[in-house]
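Results of the structural survey
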Amino acid sequence: MIEILNVSKSFGNKKAVEDLSFNVIEGEILGFLGPNGAGKSTTMNIITGYLSATTGTAKIDGIDILENPIEAKRRIGFLPEIPPLYPEMTVKEFLGFIYDLKECRFPKEPHLREICEVVKIDDVYNRIIKNLSKGYRQRVGIAQALIGNPKVLIFDEPTIGLDPRQIIEIRNLIKMLGKEHTVILSTHILPEVQAVCDRIVVINQGKLVANEKTEDLILAVDGSRKLMAKIVGPEADVLKMLKSTSGIRYVESLGRRDTDSISYMIESEDKIDIRKTLFYNLSKNGWPLVGLEGMELNLEDIFIRLINKEKKGTEKKKRGAK
Ligand code: ADP
């Protein structure tokens, strides 16, 4: 449904996107992730035709966005990070205005009414947008994207700034929309990706770093356990011991968090429970373990791991080429 092929985009000397290729299959919800500045917005702007690629092509439903922009854009509903609303208009006036802009062919009133029912804004249809809560305004933003019943929906950080209840409602709404549409969802929030997306594309510095099914990606990077240990002992010696312990993949000192102990983040190798070894090794050295707890991986950890993996891969390749 969406084909991105060798897309690059430069702003002056700055390469925002570099030789990026991926597809989104019909009916799929794709999570589009990456650290700040990775090139996500630029890519979404290329897909939606707001920006032209320096090289490469973006096709929607087989239609090149640059060769036939009107037909391609008809197939896309876009919700940018800041919903493009006119706050002085009522919901009805605003949606009517977008309907006219899009030259939508469905009967106007029933079409808008149906959308309002789907996104649950029918109770505020005649209210002025600026008086609505942020959650409702976000729904109005989603409603404008749905006008014309486009096959593809692109949402840029749709739950940012919402309260936890609104977040769950918007997520459920996106999931429901995913049954009828192909969706690209850009987000920073890991549980959101896990809850909503079938597949994940991760980019960093404009380049693809991962393109995998959600569960495979989470498993691949979350196969190990991450612990926080509070240890009393000389930091450099403790670190040295931990780094040389087999079964530990990564150690980092988090510094002194209370008067006598230092906290360490410890990641074990896949499927290894390091706790007993850790206890015995520390006790052998006479360094008391005064706290041990599990740490959840967050999206930033996943980015760092994927990016490090990528770096190692490229270094190996470079060394191999010499
Ligand atoms: P993301 O959405 O992942 O945070 P962006 O696509 O906004 O990343 O930006 C990617 C890179 O391109 C950043 O380094 C950003 O500063 C740069 N960039 C984006 N838009 C422009 C622009 N109009 N002019 C110059 N540089 C830009």
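What you are looking at is a predicted structure, and each value in this text was computed from that prediction instead of being measured.

This part takes up the site of the ligand. Near the ligand the following residues occur: F11, K14, A16, P35, N36, G37, A38, G39, K40, S41 and T42. Between the ligand and the protein, one listed contact pairs an oxygen atom with a backbone N or O atom of S41 at 2.8 Å. Between T42 and the ligand, the recorded distance is 2.5 Å, taken from a side-chain N or O atom to an oxygen atom. Out of a free accessible area of 560 Å², the ligand has 59% covered by protein chains. Taken together, the elements giving at least two residues each to the shell around the ligand come down to β2 (14–24) and α1 (40–47). With 3 residues, α1 is the single largest residue contributor to the shell around the ligand.

Here the focus is the domain arrangement of the protein chain. Assigned domains within the protein chain: domain 1 (2–220) and domain 2 (226–295). Once you take the C-alpha centre of each, domain 1 and domain 2 turn out to be 43 Å apart.

Before going further, it helps to examine the state of the cysteines. Across all of its chains, the model carries 0 disulfides by this definition. This cysteine, C116, is not joined by any disulfide, and C104 carries the nearest cysteine sulfur, 13 Å off.

Looking now at the sheet that holds strand β11 (residues 226–231). The pairing of strands in a sheet happens through backbone hydrogen bonds and is either parallel or antiparallel. Sheet architecture is open: 4 strands sit in the order β12-β13-β11-β14, paired in antiparallel fashion. Sheet topology places β12 (248–256) and β14 (289–294) at the edges, where each strand pairs with a single neighbour. The mean inter-strand angle of the sheet, taken between neighbouring strand axes irrespective of direction, is 20°. Bridge count between β12 and strand β13 (residues 262–268): 7 bridges; the pairing is antiparallel. The residue bridging I248 from the neighbouring strand is S268, located in β13.

Calculation criteria
Residues numbered from 1 in each chain as written. Predicted model: local features only at pLDDT ≥ 70, side-chain atom pairs only at ≥ 80, totals over all residues. Heavy atoms only, no water. Near = heavy atom within 4 Å. Polar contact = N/O pair within 3.5 Å; in protein donor to acceptor, adjacent residues only side chain to side chain. Areas by Shrake-Rupley, 256 points an atom, 1.4 Å probe, with all protein chains shown as cover. Helix = DSSP H or I, 4+ residues; strand = E, 2+ residues; numbered from the N terminus. Domains from an automatic or database assignment. Disulfide = S-S within 2.5 Å. Pairing = 2+ DSSP bridges. Axes fitted to C-alpha atoms, helices over the stretch in contact; angles between N-to-C directions.

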